[in-house]
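Summary of the model geometry
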Amino acid sequence: IRQLVKQRRPRGFPPGPSPIPVIGNIMSLATEPHVFMKKQSEIHGQIFSLDLGGYSAVVLNGYDAIRECLYHQADVFSDRPSLPLFMKMTKMGGLLNAKFGNGWIEHRQLASNSFRYFGSFQKPIDQKILEECMFFVDAIDKHKGKPFNPKHLVTNAVSNITNLIIFGERFTYDNCDFQHMIEIFSENVELAVSGWAFLYNAFPWIEYLPFGKHQKLFRNAAKVYNFLEQIIRRFSKGRVCNFPRHYIDDYLNKLDKCAGDLGTPYSRENLIYSVGELIIAGTETTTNTLRWAMLYMALYPNIQEKVHMELDSVLGSEKSPSLADKKRMPYVEAVLHEVLRFCNIVPLGIFRATTQDTLVSGYNIPKGTMVITNLYSVHFDEKYWCDPGTFSPHRFLDSNGNFVRREAFLPFSLGKRHCLGEHLARMEMFLFFTTMLQRFHLQFPPGTVPSLTPKLGMTLQPLPYSICAVRRQQ
Ligand code: HEM
């Protein structure tokens, strides 16, 4: 066993906690891995390693270490690890999970162009988001101030923004097939960092065990891909070359153009993977942010009151918010930034890998090493944040109440693989949040305070809670 452990941590590799034979440190990741990793960094240093049962991963903690690697060595830290789970799910193709190289560049560029172009086809994207905001507040109003769980409503509203770009259409809030697909997809986002997923990565032969959560993950993925294949076929009907109506048309046009090129990364399979990744990366994250924001507004009525005051003074009760108003709403901006900092929507980022051997802080990190970016540790880094465990929007304001950017704020990560949807997500959060709070006062049903403990997964979301949205008297 000692020999095996030695091989697992190569020469000059960062140190880390002692592994248990065979399964290494996997068991330590069962509860709150991001908190465990931050604590370990206090013992072993900002850069340390974990043994994940047969392979080693480097964990980057704190703003300095993450900037050093993701920004100053951007090319080196831009790959995704070839883990058995990812290989089985997307064969390392598509976009989010693609290996660093031509395939990833082409897919990222195509998606980014689509976001810009289809986002503003016919109407500017903020206008389209505002239209969705109206469906959203109307649906909230139907609850007439009575308690409801906002999860499904927020998910439907938010996913419709990516649906517009990908399919050229929004789906109504009673579209059960689409909702079911998102539900099992987001279950997979949770399962992807479960103990069973780590075990599968270490011991892929457990695929043949008839039990285990990894089996559920595979079944869900098969259903999601099947659904996506059908819906892609439906929305590509009537495609006319050179007149793309949405992302799917654009992709298929590219696929046709490159037919016959030997090295082309475009394929029907990669289209399915990319569509799935864009839907889930765009929906799960923004939805969770808004659900946390609603929860914290009800929890801190004094903060909510300041938001209401700013909305009333800038917009009044009639005018719809627009992106141009953002500059005049520093408090709203500060609240949304504090939600992103404090709630750590993607606490460990998306796993990275090194493209070549490298040296960081005197440690050797070989090519192909899996790298975990502990974004939570950046947002709770005592060197940059005073009293990080307190929810306080004021840390984003100067003494005159102006919004101030903070350096150690990386909810969208950093470097070449940083979030592709950051701009879109910021627009969505601002417009959904302001439209909702302009009309409603959020409060918990009398006598209840929901848990603030997050539900664990690749993303952190609140446990299901009930809230009352009471129409404001203005
Ligand atoms: C990647 C956060 C919204 C699409 C990421 C990463 C993070 C992140 C932390 C990992 C980057 C890395 O590898 O280090 C968030 C948060 C969001 C959000 C907090 C909302 C509040 C969106 C939206 C979209 C999107 C709306 C698109 C519709 C992507 C894609 C990647 C990504 C495609 C993979 C990029 C690549 O591998 O090149 N996001 N995201 N995200 N995000 Fe987002």
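Residues numbered from 1 in each chain as written. Predicted model: local features only at pLDDT ≥ 70, side-chain atom pairs only at ≥ 80, totals over all residues. Heavy atoms only, no water.

Focus on the overall build of the protein chain
- Counting its secondary structure elements, the protein chain contains 16 helices and ten strands.
- Here the C-alpha radius of gyration of the protein chain, 23 Å, is about what a compact globule of 474 residues would show, namely 23 Å.
- C-alpha extents for the protein chain along the principal axes are approximately 70 × 55 × 45 Å.
- The buried share of the protein chain, taken over its 474 residues, is 57%.
- Here the contacts in the protein chain between residues at least 6 apart in sequence split such that 73% fall between residues at least 24 apart.
- Approximately 20,600 Å² of the protein chain is accessible, and the part contributed by carbon and sulfur atoms is 55%.
- Counting 53 positive and 43 negative side-chain charges, the protein chain places the centres of these two groups 3 Å from one another. (Helix = DSSP H or I, 4+ residues; strand = E, 2+ residues; numbered from the N terminus. Rg over C-alpha atoms; globule rule 2.2 N^0.38 Å. Buried < 20%, exposed > 50% of the residue type's maximum accessible area, 1.4 Å probe, protein only. Contact = heavy atoms within 4.5 Å. Areas by Shrake-Rupley, 256 points an atom, 1.4 Å probe, with all protein chains shown as cover. Lys, Arg positive; Asp, Glu negative; His and termini not counted. Charge placed at Lys NZ, Arg CZ, Asp CG, Glu CD.)

A short note on the site of the ligand
- Close contacts around the ligand come from 26 residues, with Arg 80, Arg 108, Arg 352, Ser 413 and Cys 419 the closest.
- A distance of 2.9 Å separates an oxygen atom of the ligand from a polar atom in the side chain of Arg 417.
- Counting residues per element, the ones that place at least two in the shell around the ligand are helix H5 (102-117), helix H12 (268-299) and helix H16 (422-439).
- By residue number, the principal contributor to the shell around the ligand is H12, which donates six residues.
- Its residues placed into classes, the shell around the ligand shows 15 nonpolar, seven polar and four charged. (Near = heavy atom within 4 Å. Polar contact = N/O pair within 3.5 Å; in protein donor to acceptor, adjacent residues only side chain to side chain. Nonpolar A, V, L, I, M, F, W, Y, C, P; charged D, E, K, R; others polar.)

As for the coordination of the iron atom of the ligand
- No other protein atom reaches the iron atom of the ligand as a donor apart from Cys 419 (SG), found 2.3 Å away.
- Relative to the elements of secondary structure, Cys 419 occurs in the loop between helix H15 (375-379) and H16. (Donors = N, O, S within 2.8 Å, 3.2 Å for Na, K, Ca; no water.)

Observations concerning the nonpolar core
- Counting 151 residues, the largest nonpolar core has Phe 136, Val 275 and Phe 433 as the members making the most contacts within it.
- With 14 residues, H12 is the single largest residue contributor to this core. (Core = buried A, V, L, I, M, F, W, Y, C linked by side-chain atoms within 4.5 Å.)

Thoughts on the packing of H12 against H16
- Where H12 contacts H16, the two axes come as close as 10 Å, and the packing angle between them is 35°. The way H12 lies across H16 gives a crossing that is right-handed. The segment H12 lies against H16, with Thr 286, Thr 289, Leu 290, Ala 293, Met 294 and Met 297 engaging Ala 425, Glu 428, Met 429, Phe 432, Phe 433, Met 436 and Leu 437.
- Its residues assigned to classes, the contact of H12 with H16 shows ten nonpolar, two polar and one charged. (Axes fitted to C-alpha atoms, helices over the stretch in contact; angles between N-to-C directions. Left-handed = near helix turned anticlockwise from the far one by under 90°.)

Considerations on the pattern of salt bridges
- Taken as a whole and assessed by the stated rule, the structure comprises 22 salt bridges.
- Note that Asp 249 is salt-bridged to Arg 245, the shortest N-O span being 2.6 Å.
- One salt-bridge network, in which partners are shared between bridges, spans Asp 64, Arg 67, Lys 383 and Glu 407. (Salt bridge = Lys/Arg side-chain N within 4 Å of Asp/Glu carboxyl O.)

Here's the deal with the state of the cysteines
- Counted according to the given criterion, the structure contains zero disulfides.
- Of all cysteine sulfurs in the structure, the one in Cys 343 sits closest to Cys 386, which takes part in no disulfide; the separation is 19 Å. (Disulfide = S-S within 2.5 Å.)

Some remarks on the environment of Glu 32
- You can see Glu 32 is positioned in the loop between helix H1 (2-8) and helix H2 (33-44).
- C-alpha separation for the pair Glu 32 and Lys 455, spaced 423 residues apart in sequence, amounts to 9.6 Å.
- Filtering out sequence-adjacent residues up to four positions away, Glu 32 remains in contact with Pro 454 and Leu 456.

Thoughts on the side chain of Asp 250
- On the secondary structure map, Asp 250 appears in helix H11 (residues 247-257).
- Lacking a salt bridge, the buried Asp 250 has Lys 254 as its closest oppositely charged neighbour, with an N-O distance of 6.7 Å.
- What Asp 250 contacts, discounting residues up to four positions off in sequence, is Leu 110, Ser 114, Phe 118 and Pro 244.

Re the side chain of Asn 156
- On the secondary structure map, Asn 156 appears in helix H7 (residues 151-167).
- Excluding anything up to four places from it in sequence, Asn 156 contacts Tyr 173 and Gln 179.

Observations concerning the environment of Met 329
- Tracing the sequence through the fold places Met 329 in the loop between helix H13 (301-314) and helix H14 (330-343).
- Here the alpha-carbon distance between Met 329 and Phe 403, two residues 74 residues apart in the chain, equals 8.5 Å.

Side note on the packing of helix H10 (residues 213-236) against H12
- Between H10 and H12, the shortest axis-to-axis distance is 10 Å and the interhelical angle comes to 105°. One finds that H10 runs roughly perpendicular with respect to H12. Every residue of H12 that contacts H10 at Tyr 225, Leu 228, Glu 229 and Ile 232 is listed here: Leu 271, Ile 272, Tyr 273, Val 275, Gly 276 and Ile 279.
- Per-class residue counts for the contact of H10 with H12 are eight nonpolar, one polar and one charged. (Parallel < 35°, antiparallel > 145°, perpendicular 65-115°, else oblique.)

Examining the confidence of the model for the protein chain
- Residues of the protein chain with pLDDT of at least 70 account for 97%, and the chain-wide mean is 94.
- A low-confidence stretch, residues 1-7 (pLDDT under 50), is modelled with two contacts involving residues beyond four sequence positions or located in other chains.
- Complex prediction metrics read pTM 0.96 and ipTM 0.99. (pLDDT = per-residue confidence, 0-100.)

Describing the sheet that holds strand E1 (residues 47-51)
- An order of E1-E2-E6-E3 is seen for the four strands of this open sheet, with the pairing classed as mixed. Bordering the open sheet on either side are E1 and strand E3 (352-353), each of which pairs with just one other strand.
- Two elements, E3 and strand E6 (residues 370-374), share two bridges in a ladder whose sense is antiparallel. Counterpart to Ala 353 in the pairing with E6 is Met 370.
- Relative to strand E2 (residues 56-61), helix H3 (residues 62-71) is tilted by about 120°, and along the sheet it contacts E1, E2, E3 and E6. (Pairing = 2+ DSSP bridges.)

Some details on the environment of Arg 239
- For Arg 239, the position within the fold is in the loop between H10 and H11.
- Along the sequence, Arg 239 and Leu 315 sit 76 residues apart, while their C-alpha atoms lie 42 Å from each other.
- What Arg 239 contacts, discounting residues up to four positions off in sequence, is Arg 245, Asp 249, Leu 252, Asn 253 and Asp 256.
- At 2.8 Å, the side chain of Arg 239 and the side chain of Asn 253 are in polar contact.
- For Arg 239, the side chain forms a polar contact with the side chain of Asp 256, separated by 3.0 Å.

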